[in-house]
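# Summary of structural features
Here's the letter readout for the chains.
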Amino acid sequence: MKKLKILGLLAMSAVMLTGCVDSMPDMTTEQSDMVAEYAAGLLLKYSPNYDYRLVSDAQLAAAIVQENDLEETTTEAVTVQESQEEIPEEKIQEQSGAREEETEQNTESEEQIVQGGLDADTDLAVELGIEDGISLRYQSFEICDSYPQNTSGFSGIDAAEGRKLIVLHFDLENTSDDDVECNLYDHALQLRVNINQTFSAGAQEMPMLPDDMVSFAETIEAGKKADVVAVAEIEELSDNDITNLTLQISSANGNCNVKIR
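Residues numbered from 1 in each chain as written. Predicted model: local features only at pLDDT ≥ 70, side-chain atom pairs only at ≥ 80, totals over all residues. Heavy atoms only, no water.

### Some points on unusual backbone geometry
A cis amide bond links Tyr-147 to the next residue, Pro-148, at an omega of -15°. If you check the backbone angles, Ala-188 has positive phi at about 50° while not being a glycine. As for its position among the elements, Ala-188 is in the loop between strand 6 (180-183) and strand 7 (190-195). On the accessibility criterion, Ala-188 (43% relative accessible area) is partly exposed. Located in the positive-phi region is Asn-196, a residue other than glycine, with phi close to 55°. Residue placement: Asn-196 occurs in the loop between strand 7 and strand 8 (199-202). (Helix = DSSP H or I, 4+ residues; strand = E, 2+ residues; numbered from the N terminus. Buried < 20%, exposed > 50% of the residue type's maximum accessible area, 1.4 Å probe, protein only.)

### What to know about the side chain of His-187
With respect to the secondary-structure elements, His-187 resides in the loop between strand 6 and strand 7. Given a relative accessible area of 10%, His-187 falls into the buried group. For His-187, the contacting residues outside a window of four places in its chain are Gly-129, Ile-130, Glu-131, Ser-251, Ala-252 and Asn-253. (Contact = heavy atoms within 4.5 Å.)

Set out below in structure tokens:
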């Protein structure tokens, strides 16, 4: 009802003003804007579809700040999500490539050991460039807790707790008709055993043992043999646990792989 009355008054005012244009005082642009703003405010105030509320400057500023914070948070969340989606894929590719490369290297190494392995009865002295008149051949191996098991006047070696010793025996033979001064120490021998293609251990140098092959330096009579050994510490395994055994030997003059089992 109030709305109809106000609209009627405005209409009558318009008619009256139209008829009295000549007598109406001139208004500045600012005054005209104020009248128009006041009239518009009245119409909106009594409109049933308009929610009339006044907002202070502080509330308006707070709303603007909140909106800006929301936009920044949304942008950061999107950036983090994109980063999380990209990084795992890169890491997966790098890890996959590293695993493939490692697998290829292990496979090549295993194939080299198996394919390049000499027979156990090969004369290792020839392969390693040891002096003429000497033959060196693999003979057997044993697994024990200590070596030698019955010491007499010299120190032996004991396996650490939860470990075992693998002792490889070799026949060092003088094949000439004269005594031979055999000094294997000068040949800088290095031995390593590979078990089941998963475990590798180097032989220990034990100069206190008279039959240590790495440090052996004695005279061998013509036609005689000497039993020399190489000892390495391994995992706690039994003879039955070893399905594949390869020996790698190198000297100052050569190297070779021997497939024992």
